[in-house]
Amino acid sequence: MPVARPSRTSRLARRAPSRLPPLVAAVLALGAGTAAAAPAAPARAASSADAGPVALQAREIRGRPDIDLVAEGEVDLRRGPLHLQADWLSYQQAEDLASARGGVRLQHPSGRYSGSELQLRVQRFEGFVLQPGYEFERLQAGGRAERIDFIDDQRSVAHAAWYTSCPRDEGDRPAWVLQADRVRIDLENNEGVAEGAVLRFMDLPILALPAMSFPLGEGRKSGWLPPTVDLDSRSGLSVAVPYYWNIAPNRDATFTPKVITRRGVGLEAEYRYLEPGYRGQVLTELLPDDRVAGRSRWALEGEHHGALPFAPAGRWLAAGVRVSDDDWWKDFPRDSRSLNPRLLPLRLEAEHDLPGLFGGTGQGLAYARLLRWQVLQGSDFPIVSPYERAPQFGLQFAGQMALPTGLEQHLPGQRAGWRGLEYSLQTELNRFVRPDLPGTTAEPTGWRAHLLGSLALPWRSAGAWVVPRVSVNAASYALDEAMADGRTRASRLVPTFSIDAGAEFERDFTWWGQGLRQTLEPRVRYVNTPFRDQTGLPNFDSAGKDFNYNSIFSDNTFSGIDRVSDAHQVTAGVTTRLIDGRSGAETLRLGVVQRHLLRTQRITPEGVPYTSRLSDLYLLGGASFGAQFALDGALQYSPDIKRTMRTIVSGRWHPGEFRTLSATYRLTRGFTEQFEVGWQWPVWKSSATVAELARGRSGSRCSGAWYAVGRVNYSMKDSRVTDSILGMEYDAGCWIMRVVAERLSTGRSEATTRLQLQLELVGLSRLGSNPLKVLKDNIPGYRLLREERGESIAAPPVYD
């Protein structure tokens, strides 16, 4: 590499250093040349060969132009991303070789290194460093070695090395250490390989392997993953060792052999794929000989999303879950593969987008679907299966069209408020079937065609709206068996007229020096639906709606199609809110709503006519006191019996980081009464700050933080705990220990208890069972102790 001739200032610095200030700086253009072009490598980081000239600074610099030079005293060499510091440095021009001794410190995109001696071919980044310490800034981890050989700027080999994320200061003994005879690092292929690896925790070897490979970041790599260990009251101890197969960038698979002490050996497998026109995954679990059940057991789950051939706006889906027997959900409660662990769906769908109707704005959808269920029955009480739809064909449209010519002139109010006619239309053809449950009466099956349509003429302004609407619900049935009156065919049509109106008022005021905005939002809805006798018609999909602030304003008290409640009623409600004038956050919300019947309602979910003119009163409220405390509640009050029918009250206190306490009370009179409390709270902390713990500064000393986590659901009606989670987390900075016990109710007198133990070595991996999903799903406001670093800090190692 040609060296530019030193300037007159640098020659003076070499000849008469005593005349200049104590620190003499010479900036030399040592690397203006370029290297020979090499074949392009994908995803390769910029090397030091592309970094341009070298800048050198030292107390004294001497040498021969274009041959060599020597720098002494606070030597500082920079070239692009490479930064080298030492007490003494020599540079041989012909060999492009830099030698450094004393306080050597090297900073490079691959990491930071410090040692006693270094030799480095600067342009090729080839050489070695002796007795080095090294740091990976992204992982906030590092270690020491006897020697590190730099093959190039992407590859290196460390000899007799150890690695940890715990403090590496002199005199500190790291709590955990990964030792290896040799470690090969390949940044270009995102791979590291440790030979003769031993993992020690608290000076005890907990894992020893002849070779261990691991990804350097978030990349994927084939190999064995860390083992998982579970313990529960129904299956005993379970040990699983997953093998990950990185088939291609868009395909992978995981095979997990496991041993269950009470049940025997098993295998889990998962296959995932992602293609331009489709994606999906398949999961399966097999126990060929369950010693407890005395039979083979299995579970299968799959999901496939794809585009319809020759239809760019079309797509299809196939998804399903099936298990071998009814007891699967009890024996493996955390393997729940659907929202309801006892109702397992099988779905097949095809959809195609359509344009809107009537030339206006809108969209439509054509679809064909198939839905079947597997119902897992229990010994305590049977479950009645929902109806299966085999098949289901449908069309639906929704949109807006312009007002007819001349109509706008005859409408009251501001013309700008009339936005045009809004329409919606849905029509379906379904065949409903349901497997008979032994010991029960057979339910009707057959075909149903229905049509739901509505047409609205809304008027909306900045602070008010009025929406008159006409809708219709029509259905026609063709049954397999005759109804009570001997018919197999029946139909009915139910029209509805409604007017929905509301307003929003605002005012600004100051309270205790704080600027607030109060809103007042009244709403009134009138509904008129004539009575149509539906006695004897099948009920495939209708049920009474849950009573809440939204459902009380609906036209129909039933969900689904088969039942339409008659109505001549007015529903009125009002909501008021207080909003912080600076942040825009809602600090208070209060609401009340009630329905007034203008005539007796004859079709009701309970089957008994509503003769009372007033419905139950529904009240809701919520308050936030800063970012620390929030309170929410809802109450359903019956004016007939003058008692509360339903109550939900919940509160949450979040005074600081990793501190959250929540409590909820639920009452449904005559059915359930429950109290639930959840928490994440530090029970003991050392003098180390949270930031110090996150940097791993507690080391091996017992100076971390203990956190209690849990959730308990207590049934006051049954006087028993239904579900509970209790656990402890210990954060030592560079490692975290979690112990979580979980109790799941699987019946009135049955429950499964599970114990999970996990050791997280920050910057390396997590060992044991994984309770994190359980904690996040069940404890409101739970935060991971290392959430800010994400999964990249714990890329799972792969064991060869």
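Residues numbered from 1 in each chain as written. Predicted model: local features only at pLDDT ≥ 70, side-chain atom pairs only at ≥ 80, totals over all residues. Heavy atoms only, no water.

1. With respect to a nonpolar patch on the surface
Convention followed: Note on patches: the residues involved have over 30% relative accessible area and no salt bridge, like charges join within 9 Å, and the nonpolar side chains Val, Leu, Ile, Met, Phe, Trp and Tyr join within 5 Å. Shrake-Rupley sampling with a 1.4 Å probe provides the accessible areas, and residues are treated as covered by the protein chains on show and by no other component. Salt bridges are defined by distance alone: a side-chain nitrogen of Lys or Arg within 4 Å of a carboxyl oxygen of Asp or Glu. By definition, any uninterrupted DSSP run of H or I lasting at least four residues is a helix, any uninterrupted run of E lasting at least two residues is a strand, and each is numbered from the N terminus. A 1.4 Å probe rolled over the protein chains alone gives each residue an accessible area, and that area as a share of the maximum for its type sets the label: buried under 20%, exposed over 50%, partly exposed in between.
A contiguous nonpolar surface patch, about 490 Å² in accessible area, is contributed by Val229, Leu231, Leu237, Val239, Val739, Leu755 and Leu757. Elements with a minimum of two residues in the nonpolar patch: β16 (228-232), β17 (236-240) and β46 (751-761). Summarising the element assignment, Leu755 is placed in strand β46. With relative accessibility at 38%, the residue Leu755 sits in the partly exposed group.

2. Here's the deal with the nonpolar core
Inclusion rule: Buried Ala, Val, Leu, Ile, Met, Phe, Trp, Tyr and Cys residues that are joined via side-chain atoms within 4.5 Å together make up what is termed a nonpolar core.
Ranked by internal contacts, the top residues of the largest apolar core, which has 52 residues, are Trp176, Trp735 and Leu761. Membership of the second largest hydrophobic core comes to 10 residues, among which are Ile260, Leu287, Ala299 and Leu344.

3. Here we look at the side chain of Arg738
Note the following rule: Each polar contact in these results corresponds to two N or O atoms within 3.5 Å; when the atoms are within protein, one needs to be able to donate a hydrogen and the other to accept it, and residues that are neighboring in sequence are counted only if both atoms are side-chain atoms. Whether two residues touch is decided by their heavy atoms; if any such pair falls within 4.5 Å, the residues are in contact.
Structurally, the position occupied by Arg738 is in strand β45 (residues 735-745). Take Arg738: its relative accessible area is 1%, and that puts it in the buried class. Engagement of the side chain of Arg738 in a polar contact is seen with the side chain of Gln758, the distance being 2.7 Å. With residues up to four places along the chain from it excluded, the contact list for Arg738 reads Met728, Glu729, Gln756, Leu757, Gln758, Glu760, Pro771, Leu772 and Tyr782.

4. Focus on the pairing of strand β42 (residues 672-685)
Our working rule: Strand pairing follows a simple DSSP-based rule, namely that at least 2 bridges must link the two strands.
The pairing of strand β41 (residues 659-668) with β42 spans nine bridges and is antiparallel. Directly across from Tyr665, in β42, lies its bridge partner Phe675. Between β41 and β42, which pair antiparallel and follow one another directly, the connecting turn spans three residues, one of which, Gly670, has a positive phi of 90°. Pairing of β42 with strand β43 (residues 705-715), which is carried by 11 bridges, proceeds in the antiparallel orientation. The residue bridging Gly678 from the neighbouring strand is Arg711, located in β43.

5. Considerations on the confidence of the model for the protein chain
Inclusion rule: How sure the predictor is of each residue is captured by pLDDT, a score from 0 to 100.
Of all residues in the protein chain, 84% attain a pLDDT of 70 or more, and the chain-wide mean is 83. Across residues 1-49, where pLDDT falls below 50, the model places 71 contacts with residues more than four positions away in sequence or in other chains.

6. Comments concerning the packing of aromatic side chains
Under the convention used in this document: For Phe, Tyr and Trp, rings pair up if their centres lie within 6.5 Å, where Trp contributes its six-membered ring, and each pair is then called stacked (planes under 30 degrees apart), edge-to-face (over 60) or tilted (otherwise). Working rule: Lys NZ or Arg CZ, within 6 Å of ring centre, within 35 degrees of ring normal, means a charge sits over the ring.
Per the stated rule, a full pass over the model turns up 20 aromatic pairs. One aromatic cluster is present, built from ring pairs that chain together Phe201, Trp706, Tyr730 and Trp735. Sitting over the ring of Trp88, Arg101 keeps its end group 3.9 Å from the ring centre. The residue whose ring lies beneath Arg523 is Phe553, and the NZ or CZ to ring-centre distance is 4.2 Å.

7. Observations concerning unusual backbone geometry
Of the consecutive residues Ala390 and Pro391, the connecting peptide bond is found in the cis state with omega at 5°. Tracing the backbone through its elements, the reader meets Pro391 in strand β26 (residues 388-401). At Asp203, a position not held by glycine, the phi torsion is positive, near 70°. Checked against the element boundaries, Asp203 lands in the loop between β13 (191-201) and β14 (204-215). Asp203 sits in the partly exposed class, given a relative accessible area of 42%. Of note, Phe658 is a non-glycine position whose phi angle comes to about 60°, a positive value. Within the element layout of this structure, Phe658 appears in the loop between β40 (643-656) and β41. Of the residues examined, Phe658 reaches a relative accessible area of 4% and is grouped as buried.

8. Some words on the state of the cysteines
Spelled out, the test is: By definition, disulfides here are pairs of cysteine sulfur atoms that lie within 2.5 Å.
Under the counting rule described, the total for this entry stands at one disulfide. Note on cysteine connectivity: Cys166 is disulfide-linked to Cys734, with sulfurs 1.9 Å apart. With the S-S dihedral at roughly 75°, the linkage between Cys166 and Cys734 falls on the right-handed side. Of this pair, Cys166 sits in the loop between β11 (155-164) and β12 (176-186) while Cys734 sits in the loop between β44 (720-731) and β45, and the two are 568 residues apart along the sequence. As far as burial versus exposure is concerned, Cys166 and Cys734 are alike and both buried.

9. Some thoughts on the side chain of Gln569
Following the sequence through the fold, Gln569 ends up in strand β36 (residues 567-580). If sequence neighbours within four positions are ignored, Gln569 has contacts with Arg525, Tyr526, Val527, Ser554, Arg595, His596, Leu597, Leu598 and Gln601.

10. So, the pattern of salt bridges
All told, the structure shown has 53 salt bridges when counted by the stated rule. In this structure, Arg59 engages Glu74 in a salt bridge whose closest nitrogen and oxygen atoms are separated by 2.8 Å. Here Glu74 lies in strand β3 (residues 68-79) and Arg59 lies in the loop between β1 (55-57) and β2 (60-64), a separation of 15 residues in the sequence. Using a relative accessible area of 34% as the deciding quantity, one classes Arg59 as partly exposed. Here Glu74 falls in the partly exposed class, since its relative accessible area comes to 46%. The salt bridge partner of Arg783 is Glu657, with a shortest N-O separation of 3.7 Å. On the criterion of sequence distance, the pair formed by Arg783 in the loop between α4 (772-778) and β48 (798-799) and Glu657 in the loop between β40 and β41 is long-range, its members being 126 residues apart. The exposure class of Arg783 is partly exposed, given its relative accessible area of 27%. For Glu657, a relative accessible area of 39% puts it in the partly exposed group. Taken together, the shared-partner salt bridges connect Arg234, Arg263, Asp290, Arg295, Arg297, Asp325 and Asp331 into one network.

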